[in-house]
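Analysis of the macromolecular model
Listed here are the chains, written in short residue letters.
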Amino acid sequence: MDGGPLALWNHQSMQILVLLSLGLQFVLFILAGVRRREDVPVRRFILWLAYLMADSTAIYAVGHLSFSSIVQVHPLVTFWAPFLLLHLGGPDNITAYALQDNQLWLRHLQTLVVQVLGVAYLLLYRNIAGGNLLGLATVLMFALGVVKYGERTWALKCGTLESIGASVKAQSPAIHNHFHPQDKKPKEEFLLRRAHSLFHICKRAIVDSSVIEEDTMEGHEEYTAQMMDGMELWALMEIELSLMYDLLYTKASVVHTSLGYLVRAVSPLIAATSLVLFHLASKDGHNTDDIAITYILLGGALFMETTSLMNALGSSWTFAFLSITKWHWLKYTALCDRRWDRLRRLVVSLHHVVKLKGGSPSASRYMSRRWSGTIGQYNMLHFCTRPANTLTSPLLGRLAKLVAPNEWWNRKHYSGTVQLSKPVKRFISTYMRRLYSKGEFNTGMLRKKWGEDPLDRIGLYEGILKESLGVEFQEGILIWHLGTDVFLAKSLTAKAEDADERVEAIKMLSNYMMFLLVDRPFMLPGQPQNRLYKRTCEKLVSMRPANPKYPSRRHNGRIKNLFSVYDGPGSSSSRATEMNDLGNNLYDEYVNRELTNVAPRLTHVAKLAEKLLEKERDGTADTLKLVLDVWMDILVYAGNKCSRNSHAQKLNSGGEMTTILWLMAEYLYQASLS
């Protein structure tokens, strides 16, 4: 068309807007699940952009349609208005992008009222050429759009922690009390259904509700003991948190109700009926392009509503609904006769046809409900031995500093991720089982100070070991993080071959807690210690050795650093030799000084390392086990004392290991009451 983009917009603006709105719905539908397992920056950015644009585009299109004269030239666009309401309802797998969106459900309700009134006004006062058939199709799609938009608003309300807390008392656990063959096979399906049966524990925990002792597992005691054995408990917690994600960020709480299933059963019929009515209606006076776009909108609506129905019926949430339904004939027919199992297998098979890109179907079937298993890593000695030459600093970092604070770049660039290894999981599971066996969980609250229990058990909770835990929690993390690195650098026991697993676990947990302190302080209890952290970094940087022979300071190392994107612990430029030398310098300079409360706490670091080395030499304590136990105790304490709101917020970007351990502690306490 002559005149360029402006002329195209003047003549085809409504067509562009409705197609863009439909396209954004498909983007949301496809990408909504990416944040369930892990934090993928590029795809999350696209999802965030689509989430913001979807509502804005539909709302703008309704306003543009109401006040422009485009209806006189393209009368069929009036029929498109109900589709914009349908788009504002959004797909079932995303309602809120962040937890705060749920708190704004009243704002969405206000927008709902305004948009529905706007579309109703448009339909009442704008005639649609096409006769009664097209008018009936318009009414049907308008009713569907209003219901789906209202459903989304109600789902936002149900996703607030207050609403979840209210539902705990109103809903009974999803236990069907019947023998069901599929409960025993396969293992992943068994775990998923048991997660639904025990989900009331997770809901009580997330809203900070006390776990009532009179509530029993109703026959699940043997299962509870089985889950405590080995790695099964990790899998169960991951699935439970995935179910909580569904309540907070999707329409699960609204879809899997009697009314929700009715809406999903009727919606495809309405979309199909509207498609047939439009096909039979007269097309006289309508533009060919407008007719094609209308078919696209109807086809898109039919596809989305049919997919929504199939996903709802085949979801494991339907098992939970059937388990507690008051319609006993439905429970017996669907569960005991295994008819729902056959339907679920059919739906999952269809998903495999669309999604599977190699690999085992049985392995991929439940993967979306499992935690990615990656944890963040940040090491202060690694950060403080970074190349000081500004001429060879990363080019990307120089650009980032133009638009963001220097601290932001340092946090992101010098952080890394690592896959949580099986030995580390085993160490944590063993430690959690010991706490459970001793009955040290009391309604989700650990009674002792962080790190106190491992030291107190062997009579070492005194002197520098006691003082090194700090007055503030984050202060203790900083002291023990540096003290651990110095101790490992000088320890002979840590260099033995049989100590590899423990050393790996110690480094991994120490770097993980430091990562939370630097990059995600909202996931830790207590007051932030930003000033103490900065003062410590400044002091360490001034102490680093000036040896030009270090690999990172050679010519090829400088070139590599210039183009680096990430330089986290464990990367190819980990600077292990420089870190050990810096740790030794710290020890030599501060070990003979008197303890003071003046920042930074480097004297505490050196004294802590000295005491651990002393216990290693005289053999009075297994120092590696002690250090590992302290870090695991700090880890459990962090998860337990973190605010429930922070746990819930982090679920929308893959979750956090501390969240899994917090829920595990709540579950173990409930199991102890069985």
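Residues numbered from 1 in each chain as written. Predicted model: local features only at pLDDT ≥ 70, side-chain atom pairs only at ≥ 80, totals over all residues. Heavy atoms only, no water.

**Let's talk about the overall build of the protein**
Of regular secondary structure, the protein possesses 35 helices and 2 strands. Scored against the burial criterion, the 674 residues of the protein give a buried share of 56%. Taking contacts inside the protein between residues at least 6 apart in sequence as the whole, the part at least 24 apart equals 81%. (Helix = DSSP H or I, 4+ residues; strand = E, 2+ residues; numbered from the N terminus. Buried < 20%, exposed > 50% of the residue type's maximum accessible area, 1.4 Å probe, protein only. Contact = heavy atoms within 4.5 Å.)

**Digging into the packing of helix α32 (residues 602-618) against helix α33 (residues 623-641)**
At their nearest, the axes of α32 and α33 sit 9 Å apart, and the two run at 140° to each other. Between α32 and α33, the angle falls in the class oblique. Seen from α32, the contacting residues are Leu612, Lys615 and Glu616; seen from α33, they are Thr623, Leu626 and Val627. By residue class, the composition of the contact of α32 with α33 is 3 nonpolar, 1 polar and 2 charged. (Axes fitted to C-alpha atoms, helices over the stretch in contact; angles between N-to-C directions. Parallel < 35°, antiparallel > 145°, perpendicular 65-115°, else oblique. Nonpolar A, V, L, I, M, F, W, Y, C, P; charged D, E, K, R; others polar.)

**As for the confidence of the model for the protein**
For the protein, the average pLDDT comes to 82, and 80% of its residues sit at 70 or higher. Put simply, helix α20 (residues 361-364) is where the protein has its lowest mean pLDDT, 46, and helix α5 (residues 81-89) is where it has its highest, 96. In the predicted structure, residues 210-220 sits below a pLDDT of 50 and forms 23 contacts with residues beyond four places in sequence or in another chain. Predicted confidence for residues 356-363 stays below pLDDT 50, and this span has 4 contacts to residues more than four positions away or in other chains. (pLDDT = per-residue confidence, 0-100.)

**Side note on the state of the cysteines**
Per the stated rule, a full pass over the model turns up 0 disulfides. Lacking any disulfide linkage, Cys537 is separated from the closest cysteine sulfur, that of Cys384, by 4.2 Å. The buried category is assigned to Cys537, whose relative accessible area is 7%. (Disulfide = S-S within 2.5 Å.)

**Section: a negative patch on the surface**
Together, Glu497, Asp498, Asp500 and Glu504 make up a region of like negative charge exposed at the surface. With respect to the helices and strands, Asp498 occurs in the loop between α27 (473-490) and α28 (500-519). Relative accessible area serves as the criterion here: at 73%, Asp498 is assigned to the exposed category. (Patch = residues over 30% accessible without salt bridge, like charges linked within 9 Å, V, L, I, M, F, W, Y side chains within 5 Å. Areas by Shrake-Rupley, 256 points an atom, 1.4 Å probe, with all protein chains shown as cover. Salt bridge = Lys/Arg side-chain N within 4 Å of Asp/Glu carboxyl O. Lys, Arg positive; Asp, Glu negative; His and termini not counted. Charge placed at Lys NZ, Arg CZ, Asp CG, Glu CD.)

**Observations regarding the side chain of His604**
Tracing the sequence through the fold places His604 in helix α32. On the basis of relative accessible area, His604 is assigned to the buried category, the value being 4%. Discounting residues that sit within four places of it in the chain, His604 has contacts with Ile464, Glu467, Ile479, Leu595 and Thr596.

**Focus on helix α3 (residues 41-67)**
Look at α3: 39 Å from first C-alpha to last across 27 residues, which is about the 39 Å you get at 1.5 Å a residue. Bending of α3 peaks at approximately 25° at the position of Met53. (Expected span 1.5 Å × (residues − 1). Bend = angle between axes of the 7 residues up to and from the residue.)

**Here we look at the pattern of salt bridges**
One pass over the structure, following the stated rule, counts 26 salt bridges. In this structure, the salt-bridge partner of Asp453 is Arg457, at a minimum N-O distance of 2.8 Å. One end of the pair, Asp453, and the other, Arg457, are both in helix α25 (residues 452-457), 4 residues apart, so they sit about a helical turn from each other. Exposure remark for Asp453: the relative accessible area of 3% places this residue in the buried category. When salt bridges with common partners are traced through the structure, they connect Arg411, Lys412, Asp519, Arg520, Lys650 and Glu656 into a single cluster.

**So, the environment of Leu381**
In this structure, Leu381 sits in helix α21 (residues 380-384). Sequence separation of Leu381 and Leu540 is 159 residues, and the distance between their C-alpha atoms is 7.7 Å. Contacts of Leu381, omitting those with residues within four sequence positions, involve Leu482, Asp485, Leu540, Met579, Leu582 and Gly583.

**Notes on the environment of Ala32**
Tracing the backbone shows Ala32 in the loop between α1 (4-31) and α2 (34-37). Residue classification places Ala32 among the buried positions, given a relative accessible area of 0%. In this structure, the C-alpha to C-alpha distance between Ala32 and Thr95, residues 63 residues apart in sequence, is 9.5 Å. Apart from the residues within four sequence positions on either side, Ala32 is in contact with Val27, Leu47, Asn93, Ile94 and Tyr245.

**Focus on a positive patch on the surface**
Where like charges cluster on the molecular surface, the positive patch consists of Arg338, Arg339, Arg342 and Arg345. Note on placement: Arg345 falls in helix α19 (residues 339-355).

**Section: the packing of aromatic side chains**
Tallied over the entire structure, the rule returns 15 aromatic pairs. Between Trp450 and Tyr637, the aromatic rings sit 5.5 Å apart at their centres with planes inclined by 65°, giving edge-to-face as the arrangement. In this pair, Trp450 is assigned in the loop between α24 (422-437) and α25 and Tyr637 in helix α33, connecting sequence segments 187 residues apart. Here the basic side chain of Arg386 rests over the ring of Phe383, its NZ or CZ set 4.0 Å away from the ring centre. (Phe/Tyr/Trp six-rings, centres within 6.5 Å; stacked < 30°, edge-to-face > 60°. Lys NZ or Arg CZ within 6 Å of the ring centre and 35° of its normal.)

**Comments concerning helix α23 (residues 406-413)**
Residues Trp409, Asn410 and His413 constitute the buried set of α23. Taken around the axis of α23, the buried residues stretch over an arc of 100°, which confines them to a single face. (Arc of directions from axis to C-beta.)

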